[in-house]
Amino acid sequence: MATNYDFSRSSLLAEQYQRDMELITVSLQEESQDEREERLGLVARSWSLTRACFQAQLEPIDVPAFASSLAFAHP
């Protein structure tokens, strides 16, 4: 059964989430084209590194199934 404390905490978390999302929205709107391209480049490089790390940790028999799921998830 939920208590007043649970509802109060949930409300505070929702308010904090909303404030955080507003800050992120403003930051993205103020981002220049160069900053956007740099951020997207970092994301692309980190994706490649993450994929390589996971592939290196898989057993040889799992790699083909994992690789095909990656191809499906990330064109």
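Rules used throughout
- Residues numbered from 1 in each chain as written.
- Predicted model: local features only at pLDDT ≥ 70, side-chain atom pairs only at ≥ 80, totals over all residues.
- Heavy atoms only, no water.
- Patch = residues over 30% accessible without salt bridge, like charges linked within 9 Å, V, L, I, M, F, W, Y side chains within 5 Å.
- Areas by Shrake-Rupley, 256 points an atom, 1.4 Å probe, with all protein chains shown as cover.
- Salt bridge = Lys/Arg side-chain N within 4 Å of Asp/Glu carboxyl O.
- Lys, Arg positive; Asp, Glu negative; His and termini not counted.
- Charge placed at Lys NZ, Arg CZ, Asp CG, Glu CD.
- Buried < 20%, exposed > 50% of the residue type's maximum accessible area, 1.4 Å probe, protein only.

1. Looking at a negative patch on the surface
On the surface, Asp34, Glu35, Glu37 and Glu38 cluster together into a negatively charged patch. According to the relative accessible area criterion, Glu38 is exposed, its value standing at 53%.

2. Remarks on the pattern of salt bridges
Within this structure, the stated rule accounts for two salt bridges. Arg36 serves as the salt-bridge partner of Glu31, at 3.6 Å between the closest nitrogen and oxygen. Using a relative accessible area of 13% as the deciding quantity, one classes Glu31 as buried. The residue Arg39 makes a salt bridge to Glu31 at a minimum N-O spacing of 2.9 Å. A residue is classified by how much of its surface remains accessible, and Arg39, at 33% relative accessible area, is partly exposed. Connected through shared salt-bridge partners, Glu31, Arg36 and Arg39 make up one network.

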